[in-house]
Each structure stands twice: as C-alpha cells, then as structure tokens.
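Here is how the chains run, residue by residue.
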Amino acid sequence: MPSIDPQDNILQDAPPVKVKKSRKKLTTTFNVSRYSLSGKLLETYANARVAAEALNTSQQYISIAARNSGKVLTACGYLWRRGHATEIDIKPILKERWYGPSPLAKQQHIIGQYDLEGNLVNTYTNTVEAGKAVGVHRNGIRDVIKGRGMTYGGFIWSKTIKKKIEVDPKVTASKAKISQYDLDGRWMRSYKSCLEAARETNIDNTNIHLAVHGQTLTAGGFLWHKGTKLRININELRRHPHYPKSLLERHMKKKRAAIAESTK
C-alpha cells in the first residue's frame, strides 16, 4: 500500500498514470477506372467512393472489383482497376476457369486445338481467334466442335481443354499416307501425316493439309496428294480452280518455252 502523508493527505508513492494516445488509422486511397467489357477505358474517378456515388452502388463492391483479386470480376456491368491505364488486356481473364453469372461469360469460349494424336497444341478464346491463328475459316472449326466433322485444317477442335483427348478411331483410320511431288509430278517422299510432313520439311502444316485435300494447288513449292503413287498427272491439275497464275502454271509455261526453243 502507498504511504499517506498526514499533513496533506496526498498519495506519495502512487504510480504514474499512463495516458493512452489515440492513433488514427491511416488510409490510402486510389484512383479507380471504369472499363468496357472489351477492356477500353471509359472513365476515371478520384476513388471508389466517388465511383460508387456516380453509379449508385456500393463502394466495397467497386473496391473489390478494382483490386483484381478474382473474387469479383465486374461491378455494375463494367470492369474496374486501380489507376488510369488506357486499356486492360481481357484475354487472361477469359482464359481463367471461373464460374457463375457474369457479363463476361458470353465472351469466354475456350477452344482447344489438338493434333491428330489428341495432344493439345494451343488454346484460343473463340473460333475467330483460332481461325486467324491457324489460317483457316472459323466455320470449319465450328463444324468440328459441333460434331459435323472430325478434323479441319489438319487439327481436331474441341471445347474440352486437356493435355490429351481421346481420338475417334475414324480419324486414325483416315490418316492415309501423303506424298510430296515436284512440279513435274514426280514422287519425292511419303509421310505418315501432314503433321509429320510439316515437321520434316518446315512447310506450314495447314498449307500442306489444304493442298492434300485439293483446296489449294501447292504448298511450299510442291504438289501434295494422298497415297504413294510414283507419279501424278500434272495435266489433270490444269482444271483446278487455282491453276491460273499459279506456281504450277508458270512452271509448265517455262517448260513449253524451253521445248519450243530447243526445236528451233
């Protein structure tokens, strides 16, 4: 017990009183920007509160979306980010495996591109992107996805994204050998598939595929056909719709000119 002085009745040995100092919590505010669903900047606000007032919504709702944490993708039908970048890349967002209702759901159509052994080659946001990357029309890719075809452009297409998928036995059965010919129709070499030919010759796989199936005349400066004939009749190819002004036509004209010159 502390001692008490009888003269002034004051506590002599009382411990000092600790005064609690109030600490104000520091808060940091960020500019937040509103973007279209394609990633274009629409408007920048001083902070999430100002943005929320402008759109008559919750400040927390916009704050979470602006943090890009993955918990909320959009708010009020827009994308949000801290700062004021002129554009944001939405491709990584669309390639994420997320679920639930969102205005972005209509844009998330992941397409898998597979070789004829079922190995994943690449993925795309949609058939338009896939068609441009491979150099084929998107409708052919859509036909394969919808079951109206087995392959297109030398590839299998699916909305299932795996490292490897099961391949329809019909695809394997249809993989007859293909052969490469010079412009005189003479056999040069045969391959198990267009993919193998592309790897061995460094000629684009899609171009070889289109030539093999008669959609184009040549690929990489050569003629391509199914089977292993030792020679093909190049005169029959003059009826091909792409023969006029083609590499083959120029080659045949040179040959005829050389023969005419030699007989003079």
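All figures in this text were calculated on a predicted structure; none of them were measured in a lab. (Residues numbered from 1 in each chain as written. Predicted model: local features only at pLDDT ≥ 70, side-chain atom pairs only at ≥ 80, totals over all residues. Heavy atoms only, no water.)

### With respect to the overall build of the protein chain
Put simply, the rule reads: In DSSP terms, a helix is any run of H or I states spanning at least four residues, a strand is any run of E spanning at least two, and both are numbered starting from the N terminus. Any pair of residues with heavy atoms lying within 4.5 Å of one another is described as a contacting pair. The accessible surface values rely on the Shrake-Rupley method and a 1.4 Å probe; as for residues, cover is taken only from the protein chains in view.
Along the protein chain, the regular secondary structure elements total nine helices and nine strands. For the protein chain, contacts bridging at least 24 residues in sequence account for 48% of all contacts bridging at least 6. Summed over all atoms, the accessible surface of the protein chain reaches about 17,600 Å², with 51% contributed by carbon and sulfur.

### Overview of the packing of helix α7 (residues 194-201) against helix α8 (residues 205-212)
Threshold: Axes here refer to lines fitted to C-alpha atoms; in helices the fit is confined to the stretch in contact. Angles between the N-to-C directions go from 0 to 180 degrees. For classification purposes, angles smaller than 35 degrees are called roughly parallel, those larger than 145 roughly antiparallel, those between 65 and 115 roughly perpendicular, and all remaining angles oblique. The sense of a crossing depends on the near helix, which, turned anticlockwise from the far helix by less than a right angle, makes the crossing left-handed and, turned clockwise, makes it right-handed.
It is at 8 Å that the axes of α7 and α8 come closest, and there the two elements cross at 130 degrees. As judged from the angle between their axes, α7 and α8 are oblique. α8 is crossed by α7, and the crossing has right-handed handedness. From α7, Cys194, Leu195, Ala197, Ala198 and Thr201 reach across to α8, where they touch Asn205, Ile208, His209 and Val212.

### Concerning the environment of Ala130
Rules: Each residue is assigned to one of three classes by its accessible area relative to the maximum for its type, calculated with a 1.4 Å probe on protein chains only: buried under 20%, partly exposed between the two thresholds, exposed over 50%.
Here Ala130 is to be found in helix α4 (residues 127-134). Classification of Ala130 by relative accessible area gives buried; the value is 0%. In the structure, Ala130 is positioned 17 residues away from Gln113 in sequence and 8.1 Å away in space, judged by C-alpha atoms. If we ignore the near neighbours within four places in the chain, the residues touching Ala130 are Tyr124, Ile141 and Trp157.

### Description of the pairing of strand β5 (residues 120-124)
As a reminder of what qualifies: One requirement defines pairing of two strands: DSSP has to find at least two bridges between them.
Here four bridges tie strand β4 (residues 111-114) to β5, and the two strands are oriented antiparallel to one another. Each residue of the ladder has a partner; that of Gln113, found in β5, is Asn122. Between the end of β4 and the start of β5, which pair antiparallel, lie five residues, with Gly118 showing a positive phi angle near 90 degrees.

### Quick notes on unusual backbone geometry
Phi is positive for Asn56, which is not a glycine, with a value near 55 degrees. One non-glycine residue, Cys76, adopts positive backbone phi at about 60 degrees. We classify Cys76 as partly exposed; its relative accessible area is 33%.

### With respect to the UniProt feature "domain: Nuclease-associated modular DNA-binding" (unreviewed entry) in the protein chain
We count it as follows: UniProt positions are given in the numbering used here, feature names are shortened, and annotations may be inferred rather than shown by experiment.
Within this structure's numbering, the places UniProt gives as "domain: Nuclease-associated modular DNA-binding" (unreviewed entry) are residues 35-65, 111-143 and 178-208. With 42% helix and 27% strand, residues 111-143 has end C-alpha atoms that lie 13 Å from one another. Here residues 178-208 runs as 39% helix and 29% strand, with 10 Å between its end C-alpha atoms.

### Notes on the nonpolar core
Short version of the rule: Definition of nonpolar core: a set of buried residues of the types Ala, Val, Leu, Ile, Met, Phe, Trp, Tyr and Cys, connected through side-chain atoms within 4.5 Å.
Core analysis: the biggest nonpolar cluster contains 11 residues, these being Ile178, Tyr191, Cys194, Ala197, Ala198, Ile203, Ile208, Ala211, Val212, Ala219 and Trp224. Within the residue set of this core, elements represented by two or more residues are α7 and α8. When near neighbours in sequence (up to four residues on either side) are disregarded, Ala198 contacts Ile203, Asp204, Asn205 and Ile208.

### Here we look at the sheet that holds strand β6 (residues 156-158)
An order of β5-β4-β6 is seen for the three strands of this open sheet, with the pairing classed as antiparallel. On the outer flanks of this sheet lie β5 and β6, each paired with one strand and no other. Strand-to-strand twist in this sheet, taken as the mean axis angle between neighbours without regard to direction, amounts to 20 degrees. Bridge count for β4 against β6 is three bridges, and the pairing is antiparallel. Bridge pairing in β6 places Gln113 opposite Trp157. Across the sheet, α4 is in contact with β4, β5 and β6; its angle to β5 comes to roughly 130 degrees. Here helix α5 (residues 138-145) sits on the sheet in contact with β4 and β6, set at roughly 70 degrees to β6.

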